[in-house]
Amino acid sequence: MTTNPRSPTTRPTENRFQLFCNESLSLVEMVIYAALGLILALAAIFALFTACQALWQGLAAGASSKTVVEVIDRLLVVLLLVEILHTVRISIRSHTLVTEPFLVVGLIATIRRMLVITLDAANLTSAAKWPNDGQAKLRASMLELGLLGAIVIVLVISIHILRKSQSPYEEQETKRSEGSGSSSPASATLAGDSNLGR
């Protein structure tokens, strides 16, 4: 005699098993997110320390444009790590994948690359490197710089469209997940009206 898997006697066991699997996987996910957040936080602190160290060494040896660009480059790395850490924090609190932080990370990385190209292009115009292949490398750098500028424009427009396309309910959920405090009764009423309208 076989037992019907859809019979009421087997459903409680299946429900308990599904609940146990869900809670176990959720716990593993939280542990991985916590470890990732800790590593990102330590990496951001280390990058900030190296930026301060480079600034101190540049001031001691006489600050130059190269020192300023290097410090800004390392600070942008800190911003990248902090933005990724912010994304991890939102994922831990709301269990949702937010698109905007990834666009911001791409924007910061593009600007960082533009700074590196600008510094390299300034070195290519020196008298020692220009007669060899400085002109060809400068042309390639300018082409890459133009493409990166177009990427920056696309990312900024994407972030603007993404923010404008959020409904009042999604904005309220985003603020709640970011820990900005409880929403006002007026915003809650607006969210409720929007859900009724749907």
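Not measured: the values here are computed from a predicted model. (Residues numbered from 1 in each chain as written. Predicted model: local features only at pLDDT ≥ 70, side-chain atom pairs only at ≥ 80, totals over all residues. Heavy atoms only, no water.)

Observations concerning the overall build of the chain
Here is the rule we go by: The helix count covers DSSP runs of H or I at least four residues long, the strand count covers runs of E at least two residues long, and both are numbered beginning at the N terminus. Three labels apply to residues, based on accessible area from a 1.4 Å probe with only protein chains included: buried if under 20% of the type maximum, exposed if over 50%, partly exposed otherwise in between. Note on definitions: a residue-residue contact is assigned when non-hydrogen atoms from the two residues lie within 4.5 Å. A 1.4 Å probe and the Shrake-Rupley method give the accessible areas. Residues count as covered only by the protein chains that appear here.
Looking only at helices and strands, the chain has 6 helices and 0 strands in total. When its helices and strands are written in sequence order, the chain yields α-α-α-α-α-α. By the burial criterion, 24% of the 198 residues in the chain qualify as buried. Taking contacts inside the chain between residues at least 6 apart in sequence as the whole, the part at least 24 apart equals 70%. Accessible surface computed for the chain: about 13900 Å², of which carbon and sulfur atoms make up 67%.

Some words on the nonpolar core
Nonpolar side chains tend toward joint burial in soluble globular proteins. Put simply, the test is: Note on terminology: a nonpolar core comprises buried Ala, Val, Leu, Ile, Met, Phe, Trp, Tyr and Cys residues joined through side-chain atoms within 4.5 Å.
Residues Leu76, Leu80, Leu103, Val104, Val105, Leu107, Ile108, Val152, Leu155 and Ile159 constitute the largest nonpolar core, which totals 10 residues. Those elements giving two or more residues to this core turn out to be helix 2 (65–94), helix 3 (100–124) and helix 4 (130–164). Residue contributions to this core peak at 5 residues, all from helix 3. One finds Leu40, Ala44, Val78 and Val88 within the second-largest nonpolar core, a separate group that totals 6 residues.

So, the side chain of Thr87
Locating Thr87 in the fold gives a position in helix 2. Under the relative-accessibility criterion, Thr87 is labelled buried at 8%.

As for the environment of Met142
With respect to the helices and strands, the residue Met142 is situated in helix 4. With a relative accessible area of 41%, Met142 lands in the partly exposed category.

Side note on the pattern of salt bridges
This is how it is decided: Definition used for salt bridges: Asp or Glu carboxyl oxygen within 4 Å of a side-chain nitrogen of Lys or Arg.
The tally for this structure, following the rule as stated, stands at 3 salt bridges. Residue Arg163 is joined to Glu100 by a salt bridge in which the shortest nitrogen-to-oxygen separation is 2.6 Å. Of this pair, Arg163 sits in helix 4 while Glu100 sits in helix 3, placing them 63 residues apart in sequence. Residues Arg113 and Glu144 are paired through a salt bridge, measuring 3.0 Å at the closest nitrogen-oxygen approach. Taken together, the residues span a long stretch of sequence, with Arg113 in helix 3 and Glu144 in helix 4 at a distance of 31 residues. Judged by its relative accessible area of 30%, Glu144 is partly exposed.

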